[in-house]
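Read off the chains here:
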Amino acid sequence: MNRIAIIVGTVYGGAEYLAEQAAKLLTARGYQCTLHLDPKLGAVLAEDPDVWLVISSTTGQGDIPDNALPFFIDARDRFPLLTDKIIAVIGLGDSSYENFCGAGKQFYELLQELQGKPLAEPLWIDACETLEPETIALPWLEAHFPSKG
Ligand SMILES: Cc1cc2nc3c(=O)[nH]c(=O)nc-3n(C[C@H](O)[C@H](O)[C@H](O)COP(=O)(O)O)c2cc1C
């Protein structure tokens, strides 16, 4: 479990900021991280990472942000099997909306259908509870990605 592709879905930049913090932390722990802010399925497949880490907010009514939607549709259509891969999802949402973390949930469902092996239960971060998602996400990452140093 060395190479991690971080696939980002964001509207206002919160998930992007969190993904940058995550990449810094994981790199410092000895992992090779690639940030996909404008994710393309072909690029991730070519990279052949050990871990597919999705960090995505939710927009609309439980919808995937525009920047990540082509990736999601492509993955759903091309259906690359992730049998020997690890999957992890961090969702940013707001529980005052009906479909809390709907985009993260769609991603988690799809990655499981693609046969990826979940690293852990996904982390759902509620903007009603914190405006600093990194205070929850970084300890979660530390707990699940042991330092290699
Ligand atoms: C127009 C709009 C629609 C949203 N819809 C949802 C939703 O359906 N479910 C949810 O959990 N959060 C929803 N949210 C909350 C965002 O996902 C949340 O604020 C997130 O932290 C934004 O992250 P971002 O800066 O990466 O886009 C919505 C926010 C806005 C502004």
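Whatever comes next refers back to the structure up there.
Model, not experiment: these values are computed from the prediction. (Residues numbered from 1 in each chain as written. Predicted model: local features only at pLDDT ≥ 70, side-chain atom pairs only at ≥ 80, totals over all residues. Heavy atoms only, no water.)

Q: Can you walk me through the packing of aromatic side chains in this structure?
A: Aromatic ring pairs: the centre-centre distance and the angle between the two ring planes describe each pair. Considering all chains together, one arrives at four aromatic pairs under this definition. Here Trp52 and Phe71 contribute two aromatic rings whose centre-to-centre distance is 6.3 Å and whose plane-to-plane angle is 50 degrees, an arrangement assigned as tilted. You can see Trp52 sitting in strand E3 (residues 51–57) and its partner Phe71 sitting in helix H3 (residues 69–78), a full 19 residues away along the chain. Residue Trp52 shares its accessibility class with Phe71, and that shared class is buried. Taking the centre distance of 5.3 Å and the plane angle of 90 degrees together, the rings of Phe72 and Phe107 count as edge-to-face. Of the two residues, Phe72 is situated in helix H3 and Phe107 in helix H4 (residues 102–113); the sequence distance between them amounts to 35 residues. Summarising the burial analysis for this pair, Phe72 and Phe107 share the class buried. In this structure an aromatic cluster arises from ring pairing among Trp52, Phe71, Phe72 and Phe107. One cation-aromatic arrangement involves Lys105 over Trp124; the distance from NZ or CZ to the ring centre is 5.6 Å. (Phe/Tyr/Trp six-rings, centres within 6.5 Å; stacked < 30°, edge-to-face > 60°. Helix = DSSP H or I, 4+ residues; strand = E, 2+ residues; numbered from the N terminus. Buried < 20%, exposed > 50% of the residue type's maximum accessible area, 1.4 Å probe, protein only. Lys NZ or Arg CZ within 6 Å of the ring centre and 35° of its normal.)

Q: Mind showing me how you'd approach the site of the ligand here?
A: Within the structure, the ligand sits among 19 residues, and Thr10, Gly14, Thr58, Gly62 and Cys101 are positioned closest to it. Take Gly14: an N or O atom from its main chain is 2.7 Å from an oxygen atom of the ligand. Alone, the ligand offers 650 Å² of accessible surface; in the complex the protein occludes 81% of this. Those elements that place two or more of their residues in the shell around the ligand are helix H1 (14–28) and strand E4 (86–93). Across the shell around the ligand, the residue classes tally to seven nonpolar, eleven polar and one charged. (Near = heavy atom within 4 Å. Polar contact = N/O pair within 3.5 Å; in protein donor to acceptor, adjacent residues only side chain to side chain. Areas by Shrake-Rupley, 256 points an atom, 1.4 Å probe, with all protein chains shown as cover. Nonpolar A, V, L, I, M, F, W, Y, C, P; charged D, E, K, R; others polar.)

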